[in-house]
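# Results of the structural survey
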Amino acid sequence: MARISPNSPCPCGSKKKYKKCCGIYHKGVFAPNALALMKSRYSAYAAGNSDYIIKTTHPHNPDYTAETVTWKKEIGLFAAHTEFLGLKIIEVIDGEEEAYVTFEASLSSGPLHDKSRFLKHEGRWLYLDGVIG
């Protein structure tokens, strides 16, 4: 896992220190809404934190698998070979049980435009799927 210093700026772009921003979610606090979860997942990719990505993925996600060894390896390879250069939130549609976050992530491989869907599952927000556009 790529280390992010607790005092460095959070990769999500909040201008807060990592330890006071997405770092709290990576240590176990549940994200209070879909936007916080989306930003913390971006930061987890930047940090190479595959455990967090897996923990915050809904069981109905097409990539979800109980075979986490290979999944962790795939996330780790993606994170290791990608620079996470910035995150821009385009739109947030909040709901009680379902929410959407449209964003553009600046990656070394090029921009990623996505509308992500999140569902509440057993009282916490999880990433279900996204439409890349």
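It should be noted that the structure appears before, not after, this text.
Residues numbered from 1 in each chain as written. Predicted model: local features only at pLDDT ≥ 70, side-chain atom pairs only at ≥ 80, totals over all residues. Heavy atoms only, no water.

Right, let's get into unusual backbone geometry. Here Lys15, not a glycine, exhibits a phi torsion of approximately 75°, which is positive. Even without a glycine there, the phi angle at Glu122 is positive, about 55°. By secondary structure assignment, the location of Glu122 is in the loop between strand E3 (110-121) and strand E4 (124-132). (Helix = DSSP H or I, 4+ residues; strand = E, 2+ residues; numbered from the N terminus.)

Between its first and last C-alpha, helix H4 (residues 68-80) extends 18 Å over 13 residues, near the 18 Å set by a 1.5 Å rise per residue. Considered for burial, the residues of H4 that qualify are Trp71, Ile75 and Ala79. Buried residues of H4 fall within an arc of 70° about the axis and therefore sit on the same side. The exposed residues of H4 that point more than 90 degrees off its buried face are Val69, Lys73 and Ala80. Residues of H4 that are buried sit in contact with helix H2 (34-47), helix H3 (50-55) and strand E1 (84-93). (Expected span 1.5 Å × (residues − 1). Buried < 20%, exposed > 50% of the residue type's maximum accessible area, 1.4 Å probe, protein only. Arc of directions from axis to C-beta. Contact = heavy atoms within 4.5 Å.)

Turning to the environment of Ala46, a few remarks are in order. Within the secondary structure layout, Ala46 lies in helix H2. Exposure remark for Ala46: the relative accessible area of 21% places this residue in the partly exposed category. Remark: the alpha-carbon pair of Ala46 and Cys22, spanning 24 residues in sequence, is separated by 11 Å.

Let us look at the side chain of Ser116. Looking at the secondary structure, you find Ser116 in strand E3. Residue Ser116 is classed as buried on the basis of its relative accessible area, which comes to 3%. Reaching out from Ser116, the side chain makes a polar contact with the side chain of Asp114 at a distance of 2.5 Å. (Polar contact = N/O pair within 3.5 Å; in protein donor to acceptor, adjacent residues only side chain to side chain.)

The next subject is the environment of Lys88. In this structure, Lys88 sits in strand E1. Sequence separation between Lys88 and Pro32 is 56 residues, and the spatial gap between their C-alpha atoms is 20 Å. Ignoring sequence-local partners within four residues, the contact set of Lys88 consists of Thr102, Phe103 and Glu104.

Turning to the pairing of strand E2 (residues 98-107), a few remarks are in order. Pairing analysis gives eight bridges linking E1 to E2, with the strands arranged antiparallel. Counterpart to Gly86 in the pairing with E2 is Ser106. Between E1 and E2, which pair antiparallel in sequence order, lie four residues. Strand direction decides the pairing type here: E2 and E3, joined by 10 bridges, are antiparallel. Considered in E3, the bridge of Ser106 is made with Pro111. Between E2 and E3, which pair antiparallel one after the other, the connecting turn spans two residues. (Pairing = 2+ DSSP bridges.)

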